[in-house]
Number of protein chains: 4
Amino acid sequence: MIIVMQKGASAEALAEVERRVVELGYQPHVIHGETRNVVGAVGDERGKEVLQTLEVLPGVERVVPILKPYKLASREVQPETSEVEIVPGLVIGGQEFIVVGGPCSVESQEQINESAVAVKSAGARLLRGGAFKPRTSPYSFQGMEEDGLKLLAEARALTGLPIVTEVVNPRDVELVAKYADVMQVGARNTQNFALLKMLGQLDKPILLKRGMATTIQEFLMSAEYILAEGNRRVILCERGIRTFETATRNTLDISAVPVLKQQTHLPVMIDPSHATGHAHLVPPMCYAAAAAGADGLLVEVHPCPEEAASDGPQSLRPADFAAMMKKLKLFVDAAGRSLG
Amino acid sequence: MIIVMQKGASAEALAEVERRVVELGYQPHVIHGETRNVVGAVGDERGKEVLQTLEVLPGVERVVPILKPYKLASREVQPETSEVEIVPGLVIGGQEFIVVGGPCSVESQEQINESAVAVKSAGARLLRGGAFKPRTSPYSFQGMEEDGLKLLAEARALTGLPIVTEVVNPRDVELVAKYADVMQVGARNTQNFALLKMLGQLDKPILLKRGMATTIQEFLMSAEYILAEGNRRVILCERGIRTFETATRNTLDISAVPVLKQQTHLPVMIDPSHATGHAHLVPPMCYAAAAAGADGLLVEVHPCPEEAASDGPQSLRPADFAAMMKKLKLFVDAAGRSLG
Amino acid sequence: MIIVMQKGASAEALAEVERRVVELGYQPHVIHGETRNVVGAVGDERGKEVLQTLEVLPGVERVVPILKPYKLASREVQPETSEVEIVPGLVIGGQEFIVVGGPCSVESQEQINESAVAVKSAGARLLRGGAFKPRTSPYSFQGMEEDGLKLLAEARALTGLPIVTEVVNPRDVELVAKYADVMQVGARNTQNFALLKMLGQLDKPILLKRGMATTIQEFLMSAEYILAEGNRRVILCERGIRTFETATRNTLDISAVPVLKQQTHLPVMIDPSHATGHAHLVPPMCYAAAAAGADGLLVEVHPCPEEAASDGPQSLRPADFAAMMKKLKLFVDAAGRSLG
Amino acid sequence: MIIVMQKGASAEALAEVERRVVELGYQPHVIHGETRNVVGAVGDERGKEVLQTLEVLPGVERVVPILKPYKLASREVQPETSEVEIVPGLVIGGQEFIVVGGPCSVESQEQINESAVAVKSAGARLLRGGAFKPRTSPYSFQGMEEDGLKLLAEARALTGLPIVTEVVNPRDVELVAKYADVMQVGARNTQNFALLKMLGQLDKPILLKRGMATTIQEFLMSAEYILAEGNRRVILCERGIRTFETATRNTLDISAVPVLKQQTHLPVMIDPSHATGHAHLVPPMCYAAAAAGADGLLVEVHPCPEEAASDGPQSLRPADFAAMMKKLKLFVDAAGRSLG
C-alpha cells in the first residue's frame, strides 16, 4: 500500500501516518519526493482494507493499493491453468474447446429434448437450460422450477449430456444440486455473496458469470468467495458488460479473455448470446471467442425462437447452431485446440 | 408495441407478422411508410415480452415497446406521492425531509450508541447500521450478524431512533425483520428477485437501493417485484451508478430524482456516501439532493472514520455531520420542505 | 511514479529498472516488500510519461503515477479561486451566481432578440446562442455562421448582455472572436487540441465544456492546453457524461462540482439542458447545481421550443425560465451567493 | 417517426399533434391503443429532427424515430461491400485481410525506416506513423509535424508501403494530403465535423476511427459527413470504447464488427493497440478481429517500445509482431480470407 501525502503536509501529519502504519502491523518506508512524500506500507495488505482508511487522516492525499486482493484465484499462486472436470472424460480448461448449448428456459419435455438432441448432434458437450429464471419483470415467465430440473434430467438421460443450470436463491442450492452437473451463477448474482458461500461448500463445478457492471478484479473476488470455502472447481464466464452502446444488449468484453488468462488459472468461457442479444451476431462472436483464447462457449439454442418464453431474439435455431459449429471448428483448430 | 419491417420486406413477411400479432392476442394496425412499413400491435403489452420475439421473423427489423413495463409503481396508476409511514409520526415521502444517519457497519455497542446519539442530536430521524455486510472480498469484515442487530436494538432503545438495516440473504429476512424498522436492499441485490419477493410478503417498509448498473426502468421493475407481492411501502434510493469516471467511487445520478418523481409515486432518497466515496464530497451532494427534490438522505457517520471496519473514507465525523445538517436546513427550506 | 515489480522478479530486472530510472533523470528508491518490490522514482513526473513506458521492461508489473499531470489548472499552484472577468462589473467565479440563457441556435433576429429580452428580464447576465453548430447529422441545420454572429451582436446591442457562442473550427477563431464576449468550446471539441491552442493565444474568456467521455483529470488537461498558451480566463462547464442510462440524454455528473472545486481554482458552471435533454428536468438540476457549489448555469431558452431548429425538447419557454429563476434565487441564497 | 401520446391525453392534444405533423409535411396515422394513442408520421424523417421537437407539445409522452438517420453509409442503399482502393492492387474491404503496422509517432528516420522494414517483412501492407499527435497533455510530445511526414515519405520510398497518418487540424489537411496515402481521423476527432467536411472534399481514402463515447449510429453519421461531401472512400475503425473497466485502456467492442457489417457497406478495421493499451493483449485481439469478420487491423509496432515517445506500453516489438502475423494467418484462413 502506498500512502501519498498532500503537497506541503506537515511533519506531524507524516509522523502520524507512520505511527498508524506501525500500529496496523506494517512497516512504513518514506520516500521524500520533490513536491510531496509517499509512504510505502510493507506487509501483506490483502483483505486488510483498513489501510485504505488512512485516507481520512490529515495531510493524506490518497492511498494506492499495490497487491491484487485475491489469492486463491491468482495465477501467481497457481501458475498452471485449472482443468475443471465435469464428468469423467469431460474437462473445461483443457485442450478441448467446450461448447454448452440449449435454450434459455426449459419450457417442456419436448422442447428440452429436441434442443438436447440438436445441440449434441452438432457437437455441444453440455446442455444448458434454466429452471429458475431471474427476470427483470415480475410479470414475465419465472421458470418451471423443480419440474424444469426434472425435464432437464430426462434430456440428460436421453442424450448423455451433462446439465448446466442456474440457481438464484441460496435456499434452492441443495435442490438444484440434486439435478445439475454444473451450477450456474447468473450475472445478477455475481456479487450475491450469500449464494457464493453456499456454492463454495458444494462438491460441484460452478459456472460463475460476470455481472454487467463487475470489474475483472471484482469478478475474481467473487470467484475467491467460492474458492475460499473449499470448492476449487470454478469456471468463469464473460457475458457482456453494460455500456452506452445500444446496438447490442450488452458489450462483449472480449479482451477480458486474455486479461483473465494472465491473472487467473481458472478456465474462461464466453456467452455471446446474452452479450449481443441478437441471434445473427452470435456466430461471429463465437469465432472471436475461440480466437481470443477462451476455453469454451455458452450458446442459446431454441427449436423455435419466435415461440421462446424468454430470450427468443438471441437464440439460434438448431440449423444455424450446426452451421456455426462447423465453421467454429476452423477457428478452434487455428487456436490449437480441439472441438467435439 | 411497434414492429418495424425491413425495407423491401415482402408482403408475405408482413402478413405473417400480422398473423402472429393476432395469434398472440393483439390487434395489428399497419402503417405503410415511404421506405418501410410498421405494424402497431394494440393491447396491453406489459409483462408480455413475447411480442419482442417477433424480431426473429423474416422481414422484421426491430420491435419497439411503447408502454412502460411497470404498473403498480407507475404514477399513471397512482398520481399522488406515496407517504411511507415508518413509525407513527414519521413518514418518508411527506412534507418533512428525512435524514438517516449512522455507520456503515455496526462494530460495538459503544460505537453504535455514540453514532446514534450524535446523529439524533444533529437532526437525523432514523439510524442506519449494517449487521450483514455484502463485501467485495471474502477476507473483509462480513458484519456482526445477529449480534449486530441486537446492538442496533439497544441503540434504538437509547435514542428512540427507528433502525434501517440491510438484509442480503432470503434466509435471514425473518431474523432481520425481528429487529429492523426498515429493511434495506443494497445495490448488489437490486435484482436479487428471490429476496425481493420475500420482502414483498412482509409488513415492513423496504428501502430499495438502485444497482450500480440498473437503469431507472429496471429499478422500477425491481420495486414492482415487492409491490406485486402486496407490500406497498417501498422507498427508492439512488446511490450512484458505475461510469468511466474514477474521481468518485460511483457517479451520483442526481437527475434520477426528477425522472423518478415523474414516473413513480414512490418516495426517493439519495445516498451520497456510497455515490461519492469520499467524505468531503458528501455535504455538497446532500444539499444538491434536497434541491433536486429528493425526499431524504442516507448518510454514513462514524465516531472515528479512521478506525471504521468498512467505508471509513466516506464516513462523516459527528461534528462534520452536524455542520452539514445545519447548512442542509437552508436548502430544505428553499425546497419548501421541513427538516427535523 | 511508483514502479511495481512482479512477484519473483529477478535482481537483474530490478537493477535494470533502477538503471533506467536514473537514465531518465529520476532517483530510484526501492521498497522491499513481502511479496514484491516497488521502486519509487523521485522527481517531477508531470509531462514526462516516458516513465510509464518502463511497464514494458521484464519483471515490471505496472507503473502507478503519483502526481496529477496538470500544473497551471491546479489549486496547489493557485489556492484562491480564479475570478474570470467577462466585461467590467461581470465576473464568473466570484460571489455572484451567474446564469447564461438563450437558444441552442440563432435562427432569426426576432428569435434571438426575443430570447435576449426574456432571459435578461428574468435575471440572466449573459446571452447564449450558436451560430456554428456541431451536429451529429450532416443533414441537420448547421447554424447561420457569420450571419448568426451579427444577429447575436444586435441582440447584445439591444439588451447589453454579453454573448457566449461556440467556435468549432480553428479557422473561425478570429471571426467568432470579433463578435463573442466568451468563446465556447463544445463537448465534442474538449480534446480538439488544435482549437484549444489557438484559444489559448486569445485575450478572451473561454467557456470549456467537458466531453461526454472525458474524465475530470482529462478535462483539466484540456484546460491546461489553454492556460499553457497564456490565456488564464478559463471557465469549466459540466454538461453530462455518457452512461448506460437512457432516461436522460446524458447523466449530469453533479459531484464533478466539488471534485473540480477541490482540484482546480477555475470557475465551474453547469449546463443542465444538454445534461438532461428534457425541459421538465432542467429546473431541478439548476437548483441542484447552485446547492452543489457551482458558480453558474448555462440554460437553453427558446421563445417557441416546438419550432426550434435544434434542441427543442430541452429548451425552456421564457415563462418557465422566469419561474425557475425565481425559485433558483432561494437556493443561491442558501448557498451564500447572490443572483442577478 | 412514432409519436406516443400520454395516457389520458385530450382529443385536442391529439388533434394538435396531427395538425403539426401535417404542417411539417408528413402524413399522420393514428393508432388508438388500449391505454394510449400513438401517431405514426409517414415520410422520410432523416435529417428532419424537427419532428423530435413535437415532444414538447402538451399530451405527448415521447417521440420514437423509426428510420436510421444515415443514407449513403447504409447497406440498404448499397448492398455490396465497398472495396476501397488505396493504391493499384491494394484494396481494403476485399478478399484480402489488410494489416497496417508501425509506430504511434514518427520519431526519427532510423526509427520509422526500421519499423517499416520490419512490418513489411512480417506481412503488413501499409505503414502507420503519426506526425501530428493529439495528446491529452500539452506537456507531452506533440509530433514532428511536416518533418515527420517527410520521414514517412522516405520510409515509403524505401519499402513501397503506402502511408496512413493522422490529421487533427482542418488547416493541415492539404499539407498532410501531400504525403499521406490514407488520411486518418483519430478517436478524439470522430465528431470534428469541420475536419470531416474537408476530408469529404478530398480524393483520398479516409480511415475514420470511432470515438471513445461514440455510438455505432453516431459513428455512421460521422462517416456520412465525409460521404455526403463526395468522398466515398471511407474505412471505419473500431478502437475501443470507454467503459468502467480499468484493466484495459479501453474496451474493444468486438461486436461492433458484425453490427457494422450488417448496417453499412463500408470496410471495418480494428485497432487492438489503443483498445487494450497493453502489448501482451494485442495478439489475441488481432486473432479475434479476424474471426469476427473485420477487414483488417491497425497495429502499433516500435523497434524499442521502452524508448517510444508515445504509447510504448501498447507497442509490439518487431519480433512479437512477426510472431503474431504468423499465427494470425491461421485465423484469416479460417475466416476464408487471405493474408499478405
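Residues numbered from 1 in each chain as written. Chains lettered and ligands numbered in written order. Predicted model: local features only at pLDDT ≥ 70, side-chain atom pairs only at ≥ 80, totals over all residues. Heavy atoms only, no water.

**Things to note about the relation of the copies chain D and chain C**
(1) Moving on: Its rotation angle being 180°, the transformation that places chain D on chain C also includes 0.0 Å of axial translation and leaves an RMSD of 0.0 Å. The superposition operator between the copies reduces to a two-fold rotation axis. Minimal C-alpha distance to the rotation axis in chain D is attained by Ala213 of chain D, lying at 2.8 Å.
(2) Moving on: Both copies share a contact surface, since 100% of the interface residues of chain D are interface residues in chain C too. (Least-squares fit on C-alpha atoms with pLDDT ≥ 70 in both. Contact = heavy atoms within 4.5 Å.)

**Section: the sheet that holds strand β1 (residues 2-5) of chain D**
The strands making up a sheet associate through hydrogen bonds between their backbones, and the pairing can be parallel or antiparallel.
Residues and elements named next belong to chain D.
(1) Moving on: Read from one edge of the open sheet, 4 strands run β2-β3-β1-β4, paired in antiparallel fashion. Lying at the two open borders of the sheet, with one neighbouring strand each, are β2 (27-32) and β4 (60-64). Here the average twist between neighbouring strands, direction ignored, is 20°.
(2) Moving on: Where β1 lies against β4, 4 bridges are found, and the strand directions are antiparallel. By the bridge assignment, Ile3 is partnered in β4 with Val63.
(3) Moving on: On the sheet, helix α1 (residues 11-23) packs against β1, β2, β3 (37-42) and β4 and is oriented at approximately 150° with respect to β2. (Pairing = 2+ DSSP bridges. Helix = DSSP H or I, 4+ residues; strand = E, 2+ residues; numbered from the N terminus. Axes fitted to C-alpha atoms, helices over the stretch in contact; angles between N-to-C directions.)

**What about the state of the cysteines?**
All names here are of chain D.
(1) Moving on: Taken as a whole and judged by the stated rule, the model has 0 disulfides over all chains.
(2) Moving on: Between Cys104, a free cysteine, and Cys237, which holds the nearest cysteine sulfur, the sulfur-to-sulfur gap is 13 Å.
(3) Moving on: No disulfide involves Cys237; its sulfur sits 11 Å from the nearest other cysteine sulfur, which is in Cys286. (Disulfide = S-S within 2.5 Å.)

**Considerations on helix α2 (residues 109-122) of chain C**
Residues and elements named next belong to chain C.
(1) Moving on: If you check α2, its first and last C-alpha atoms are 20 Å apart, about what 14 residues at 1.5 Å a residue would give, namely 20 Å.
(2) Moving on: Buried within α2 are the following residues: Gln111, Ile112, Ser115, Ala116, Ala118, Val119 and Ala122.
(3) Moving on: Elements in contact with the buried residues of α2: β7 (96-102), β8 (126-128), α3 (146-159) and α10 (318-334).
(4) Moving on: Two residues or fewer past α2, Gly123 is found with a positive phi of approximately 115°. (Expected span 1.5 Å × (residues − 1). Buried < 20%, exposed > 50% of the residue type's maximum accessible area, 1.4 Å probe, protein only.)

**Thoughts on the interface of chain D and chain C**
(1) Moving on: The partner chain C presents 48 residues to the 48 residues of chain D that form the contact.
(2) Moving on: If you sort the residues of chain D by the area they bury against chain C, Val56, Tyr139 and Glu306 of chain D come out on top, with a joint share of 15%.
(3) Moving on: The interface formed by chain D and chain C includes 4 salt bridges.
(4) Moving on: Note that Glu307 of chain C is salt-bridged to Arg20 of chain D, the shortest N-O span being 3.9 Å.
(5) Moving on: The interface formed by chain D and chain C holds 20 residue pairs in polar contact (both at pLDDT 80 or more) in total. (Buried area = accessible area lost by both parts, 1.4 Å probe. Salt bridge = Lys/Arg side-chain N within 4 Å of Asp/Glu carboxyl O. Polar contact = N/O pair within 3.5 Å; in protein donor to acceptor, adjacent residues only side chain to side chain.)

**Some points on the relation of the copies chain B and chain D**
(1) Moving on: Rotating chain B by 180° and moving it 0.0 Å along the rotation axis overlays it on chain D with an RMSD of 0.0 Å.
(2) Moving on: When the interface residues of chain B are mapped onto chain D, 100% of them are again interface residues, pointing to one common binding face.

**Structural notes on the domain arrangement of chain A**
Interface size is commonly expressed as the accessible area that is lost once the parts come together.
(1) Moving on: Looking at the assigned domains, one finds that chain A contains domain 1 (2-64) and domain 2 (84-339).
(2) Moving on: A C-alpha centroid distance of 44 Å is found between domain 1 of chain A and domain 2 of chain A. (Domains from an automatic or database assignment.)

**Side note on the pairing of strand β14 (residues 296-300) of chain B**
All names here are of chain B.
(1) Moving on: Of all 5 residues making up β14, 5 are buried, and the element is well covered by its neighbours.
(2) Moving on: Summarising the sheet, strand β7 (residues 96-102) and β14 pair through 5 bridges and their orientation is parallel. In the sheet register, Val99 faces β14, and the bridge partner there is Leu297.
(3) Moving on: Bridge count between strand β13 (residues 268-270) and β14: 2 bridges; the pairing is parallel. Within the sheet, the bridge partner assigned to Met269 lies in β14 and is Gly296.

**Details of the pattern of salt bridges**
When charged atoms on two side chains of opposite charge get close, those side chains can pair.
Residues and elements named next belong to chain B.
(1) Moving on: Tallied over the full model, the rule gives 94 salt bridges over all chains.
(2) Moving on: Residues Asp253 and Arg210 are paired through a salt bridge, measuring 2.9 Å at the closest nitrogen-oxygen approach. Of the two residues, Asp253 sits in the loop between β12 (234-238) and α7 (256-263) while Arg210 sits in the loop between β11 (206-209) and α6 (216-228), which places them 43 residues apart along the sequence. Summarising the burial analysis for this pair, Asp253 and Arg210 share the class buried.

**Here's the deal with the sheet that holds strand β4 (residues 60-64) of chain C**
All names here are of chain C.
(1) Moving on: Strand order in the open sheet formed by 4 strands is β2-β3-β1-β4, with antiparallel pairing between adjacent strands. The sheet is open, and its two borders are formed by β2 (27-32) and β4, each paired with just one other strand. Taken over all neighbouring pairs, the strand axes of this sheet differ in orientation by 20° on average, direction set aside.
(2) Moving on: Note that β2 and strand β3 (residues 37-42) share 6 bridges and pair antiparallel. Counted as the bridge partner of Val30 is Val39 from β3.
(3) Moving on: Against the sheet, helix α1 (residues 11-23) touches β1 (2-5), β2, β3 and β4, its axis set at about 150° to β2.

**What about the interface of chain B and chain D?**
(1) Moving on: Listed by partner, the interface residues are 27 residues for chain B and 27 residues for chain D.
(2) Moving on: Approximately 2300 Å² of surface area, both sides summed, lies buried where chain B meets chain D, with 63% of it carried by carbon and sulfur atoms.
(3) Moving on: When the buried surface of chain B facing chain D is broken down by residue, Ile31, Ile66 and Glu76 of chain B rank first, second and third, together holding 25% of it.
(4) Moving on: Here chain B is connected to chain D by 6 residue pairs in polar contact (both at pLDDT 80 or more).
(5) Moving on: Breaking the side of chain B that touches chain D down by element, the ones donating at least two residues are β1 (2-5), β2 (27-32), β3 (37-42) and β4 (60-64) of chain B.
(6) Moving on: Split by residue class, the side of chain B that touches chain D holds 10 nonpolar, 8 polar and 9 charged. (Nonpolar A, V, L, I, M, F, W, Y, C, P; charged D, E, K, R; others polar.)

**Side note on the packing of aromatic side chains**
(1) Moving on: Throughout the structure, instances matching the rule amount to 8 aromatic pairs over all chains.
(2) Moving on: Look at Phe193 of chain B and Tyr225 of chain B: their rings are 4.5 Å apart centre to centre, the planes differ by 20°, and that puts the pair in the stacked class. Taken together, the residues span a long stretch of sequence, with Phe193 of chain B in helix α5 (residues 193-200) and Tyr225 of chain B in helix α6 at a distance of 32 residues. Each member of the pair, Phe193 of chain B as well as Tyr225 of chain B, is classed as buried.
(3) Moving on: The lysine or arginine in question, Lys71 of chain A, covers the ring of Tyr139 of chain B, its NZ or CZ lying 4.7 Å from the ring centre. (Phe/Tyr/Trp six-rings, centres within 6.5 Å; stacked < 30°, edge-to-face > 60°. Lys NZ or Arg CZ within 6 Å of the ring centre and 35° of its normal.)

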